[in-house]
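Given next are the chains, with one letter for each unit.
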Amino acid sequence: MQFIGLQYTSASSAATMIGIEPLMVILIGQLFFKEKASLTIWLLGIIAFIGVFLLVGCLLVLASTIVVALWLRLSKSVLGNLNPKVYTALSLQLGTLIGLPFMLLLVKNWNINFSYSSIIALLYLGIGCSLFANWAWNKGLSETETNKSGIFLALEPVFGVLFSIILLNDSLSITSWVGVALVILSAAVCLVLPKKN
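Residues numbered from 1 in each chain as written. Predicted model: local features only at pLDDT ≥ 70, side-chain atom pairs only at ≥ 80, totals over all residues. Heavy atoms only, no water.

**Considerations on the environment of Lys85**
Here is step 1: Turning to its location among the elements, Lys85 is positioned in helix H6 (residues 84-106).
Here is step 2: Distance from Lys85 to Leu131, taken between C-alpha atoms, is 9.7 Å for residues 46 residues apart in sequence. (Helix = DSSP H or I, 4+ residues; strand = E, 2+ residues; numbered from the N terminus.)

**Considerations on a nonpolar patch on the surface**
Here is step 1: Among the surface-exposed residues, Ile112, Phe114, Ile119, Leu122, Leu123, Tyr124, Leu125, Ile127 and Leu131 lie close enough to one another that they form a single nonpolar patch of about 930 Å² accessible area.
Here is step 2: On the basis of relative accessibility, which here comes to 56%, the residue Phe114 falls in the exposed class. (Patch = residues over 30% accessible without salt bridge, like charges linked within 9 Å, V, L, I, M, F, W, Y side chains within 5 Å. Areas by Shrake-Rupley, 256 points an atom, 1.4 Å probe, with all protein chains shown as cover. Salt bridge = Lys/Arg side-chain N within 4 Å of Asp/Glu carboxyl O. Buried < 20%, exposed > 50% of the residue type's maximum accessible area, 1.4 Å probe, protein only.)

**As for the nonpolar core**
Here is step 1: Judged by nonpolar contacts, Met24, Val25, Ile28, Ala69, Leu72, Leu79, Tyr87, Trp137, Leu141 and Leu153 together constitute the single largest core of ten residues.
Here is step 2: For this core, the secondary structure elements donating two or more residues are helix H3 (21-32), helix H5 (59-79) and helix H7 (116-142).
Here is step 3: With near-sequence residues (within four places) excluded, Leu141 lies in contact with Leu72, Ser75, Lys76, Leu79, Thr146 and Ser149.
Here is step 4: Ala154, Val158, Val183 and Ala187 belong to the second largest nonpolar core, which has seven residues in total. (Core = buried A, V, L, I, M, F, W, Y, C linked by side-chain atoms within 4.5 Å. Contact = heavy atoms within 4.5 Å.)

**Observations regarding H3**
Here is step 1: For H3, built from twelve residues, the straight-helix expectation of 16 Å at 1.5 Å per residue is met to within 8% by its first-to-last C-alpha distance of 16 Å.
Here is step 2: Along H3, the residues classified as buried are Glu21, Pro22, Leu23, Met24, Val25, Ile26, Ile28 and Gly29.
Here is step 3: Directly after H3, the chain includes Lys34, whose backbone phi takes a positive value near 50 degrees. (Expected span 1.5 Å × (residues − 1).)

**Overview of the environment of Asp170**
Here is step 1: Tracing the chain through its elements places Asp170 in the loop between helix H9 (155-168) and helix H10 (174-192).
Here is step 2: The class of Asp170 is partly exposed, set by a relative accessible area of 40%.
Here is step 3: Residues contacting Asp170, with those up to four places away along its chain left out, are Ser164 and Ile165.

**Quick notes on the packing of aromatic side chains**
Here is step 1: Using the criterion set out here, one finds two aromatic pairs in the structure.
Here is step 2: Relative to Trp135, the ring of Phe132 lies with its centre 6.1 Å away and its plane at 40 degrees, an arrangement referred to as tilted. Taken together, the residues Phe132 and Trp135, both in helix H7 and three residues apart, mark about one turn of the helix.
Here is step 3: Residue classification places Phe132 among the exposed residues on the basis of a relative accessible area of 53%.
Here is step 4: For Trp135, a relative accessible area of 31% gives the class partly exposed. (Phe/Tyr/Trp six-rings, centres within 6.5 Å; stacked < 30°, edge-to-face > 60°.)

So this is what it looks like as C-alpha cells:
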C-alpha cells in the first residue's frame, strides 16, 4: 500500500503519514488489544508525529500505517511464544509467498538492468533492510512494550532524511532540524522510561 500510495502523493507527504505510525500503534492497541497507554507514551507519540510533520512539512499511505500498527501488535503476541530468529525467518518467507501474487499483479515493468550498484543495492535491501533489520526489530520487540516500540517507528523518516543529506547532499531548513530533534528526543525518552511489569 505504501509504494502504491507514493504514486499518488509526494514523498514528503508520505513520510508525514508514516510519522503517524507511533500514534496508530497506541490507538490500535487501545481499540483492538485493550492495552492502555500511559499519558507519557501518548505525549511521546504526539511529539514524534509533530517532529516528522516539521521534518517533511493519501489515503493508501495512511492505510499502510494501520497495517503496520496491526502487524506490530500481532508480532508482539507471537514473539511471546517464538524466538525472534525463528519468527524473523518465518515472517520473511511467508511474507514473500503471500506477497508474490500482489507483486505479480502490481509490477508495471519487469525490465531489469543489472549493474554493480544495483546488485549491491539488492544485497543491502535483502540482507540489511530485510534480514538484519527484521531480526533486530523482532528481538527488540520481544523485550519491550509495544507502545514504546511504536515510538521508534517515527525514526524511519528521520533516517531517510539524514541519509539523503549524507548521500545526496540534500539540505534541511531550521524547522526540519527541529522536527528531527523532536523525533529523536521522543525516542530517547522512551529508552529511559521504566519498564512496565
